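Breakdown of the fold
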Amino acid sequence: MRTFQFQIPPKTKSLLTKVGQLADERGEAAYAVGGFVRDLFLRRPGMDIDITVEGDGLTFAEKLAKLTGSEVEAFTQFGTSIVVIPGFGKVDVATARTESYEKPGALPKVEKSGIVQDLYRRDFTINAMALSLTPGYFLKLLDPFGGLEDLKKGRVRALHEKSFIDDPTRIFRAVRFEQRFKTRIEEKTQKWLLEAVKGDYIQKVSGERLRNELRLIFQEPHPERAVLRLEELGVLPRIHPALGVPLEAKKALPQIDAAIGFFRRNQITLEEEKMVWFQALLSNPSVHEAESLSKRLMLSRPEQKIVTQCATVHPAIYGELSGEGVMVSRMYKLLCPLKSEIQCFLMAAAPTPVLRQKLAGYFSKIQKSKPWIRGRDLQAMGIAPGFRYSFILLEALNAQLDGKFKNRKETLEWVKKTFVA
Ligand code: ATP
């Protein structure tokens, strides 16, 4: 076991010391494991700590919560707990365990074990290192599968040949880590990964888990790289035939981040920001395919709405929007019915920089312009409430957007002249 000089924030070090001492007093051994250890070597220590206990993780978590004055939430069927430590963060505590998979893609059967077997059940060698917290062995590295070497060489390496078959969500994790750390999926691992892709094992994973993996990819700093890699590895159509990255979407990928940033700066709400990215995966689906995809991925209602509406947007929209002298009111008519996530993707995927600029100008103008007149103005003029209201207000707004009226006064005069006898 080797010891390393890590740059660990004092608060974290003191907590790890406490964890090690508590385990020792209980006749158990505790280890920091997984992403926390990996990130220490990468000099980007995270705030979330994963602890594995050789012993009884559930009771250990309760004692740790008591010792630190924290709340604890236990998941007894998995032998895991979350301790939320005030002023610090989240500590996941688990009992060391082995896992066996009865069916590919299903959740595993778990049994108590020692730390090495616990590390062996993990996804990649870089995530299968542990730091002992036992006093006397504090921060000594346990690295039975060569994770540190792989981390140094920039390799994402699975622990065994059946890894992606046991749990195909690791396909997405491999791509995510590869792109995040600018590493490479190791050759044999890629072969195993491709075998699982071609063997259609992704089909066995629940929609909820797949949706979660895609969400995690969209939360990475550069989702575009992972999206292209998933496409290259042939993963997307194995999730659903309506997925793939068409050429136009490939061109849009480098612009998506900037388009989201533009919407944020202009305070245009994107309730489902990740769905802007998701549209890059849509391979021009029909409405029927969009619905079946939504079902497969168990998308939420707002997400479903975006995917279905996206399928109704005709590619000819760009022709219409870029036409010479197209009025703002016309752009409004075409774009206003679309969800803001679709508007944002349309801007990112605009076929020319000129059109992208034009759309940017339109969105910031629309965002800033409030209608000069409202229903209550019509009421004040004695116009009887009814369906005419929406017609008059839309006409007034169109004229305002196209610059036909200069101000509220001119608009009110026009309404009076046109609609009040
Ligand atoms: P991130 O930085 O994205 O949170 P992480 O490595 O901390 O990455 P988690 O999803 O929090 O990832 O998982 C914690 C640890 O649990 C991983 O480092 C890995 O050892 C293990 N793990 C997570 N998911 C799997 C999986 N599908 N198969 C095997 N091991 C897994």
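First, a word on scope: everything that follows refers to the structure included in this document. (Residues numbered from 1 in each chain as written. Predicted model: local features only at pLDDT ≥ 70, side-chain atom pairs only at ≥ 80, totals over all residues. Heavy atoms only, no water.)

Quick notes on the site of the ligand
The local shell around the ligand holds 15 residues, among which Arg38, Arg122, Asp167, Arg170 and Arg180 are the closest. Note that a nitrogen atom of the ligand is positioned 2.8 Å from one of the side-chain N or O atoms of Asp167. Protein contact buries 71% of the 590 Å² of open area that the ligand shows by itself. Listing elements by their share of the shell around the ligand, those giving two or more residues are helix H2 (35-41) and helix H7 (169-180). Counting residues per element, the shell around the ligand draws most heavily on H7, at 6 residues. In the shell around the ligand, the residues fall into 1 nonpolar, 4 polar and 10 charged. Inspection of the shell around the ligand shows a minimum of three residues originating in each of domain 1 (2-153) and domain 2 (154-239). (Near = heavy atom within 4 Å. Polar contact = N/O pair within 3.5 Å; in protein donor to acceptor, adjacent residues only side chain to side chain. Areas by Shrake-Rupley, 256 points an atom, 1.4 Å probe, with all protein chains shown as cover. Helix = DSSP H or I, 4+ residues; strand = E, 2+ residues; numbered from the N terminus. Nonpolar A, V, L, I, M, F, W, Y, C, P; charged D, E, K, R; others polar. Domains from an automatic or database assignment.)

Concerning the sheet that holds strand S1 (residues 2-3)
One open sheet accounts for 8 strands, arranged S1-S10-S9-S2-S3-S6-S5-S4; its pairing is mixed. Edge positions in the open sheet fall to S1 and strand S4 (71-75), since each of these has one partner strand only. Two elements, S1 and strand S10 (residues 140-142), share 2 bridges in a ladder whose sense is antiparallel. If you follow Thr3 over to S10, its bridge partner there is Lys140. In this fold helix H1 (residues 10-25) packs onto strand S2 (29-33), strand S3 (49-54), strand S5 (80-85) and strand S6 (89-95), with an angle of close to 15 degrees to the strand it touches most, S3. (Pairing = 2+ DSSP bridges. Contact = heavy atoms within 4.5 Å. Axes fitted to C-alpha atoms, helices over the stretch in contact; angles between N-to-C directions.)

Looking at H1
Taking 1.5 Å of rise per residue, 16 residues should cover 22 Å, and H1 covers 23 Å from first to last C-alpha, within 8% of that figure. For H1, the complete set of buried residues consists of Thr12, Leu15, Leu16, Val19, Gly20, Leu22 and Ala23. One side of H1 holds all its buried residues, which, seen down the axis, span an arc of 165 degrees. With respect to the buried face of H1, the exposed residues turned more than 90 degrees away are Pro10 and Glu25. Residues of H1 that are buried in the fold lie against S2, H2, S3, helix H3 (57-68), S5 and S6. Count one or two residues on from H1 and you reach Gly27, which has phi positive near 75 degrees. (Expected span 1.5 Å × (residues − 1). Buried < 20%, exposed > 50% of the residue type's maximum accessible area, 1.4 Å probe, protein only. Arc of directions from axis to C-beta.)

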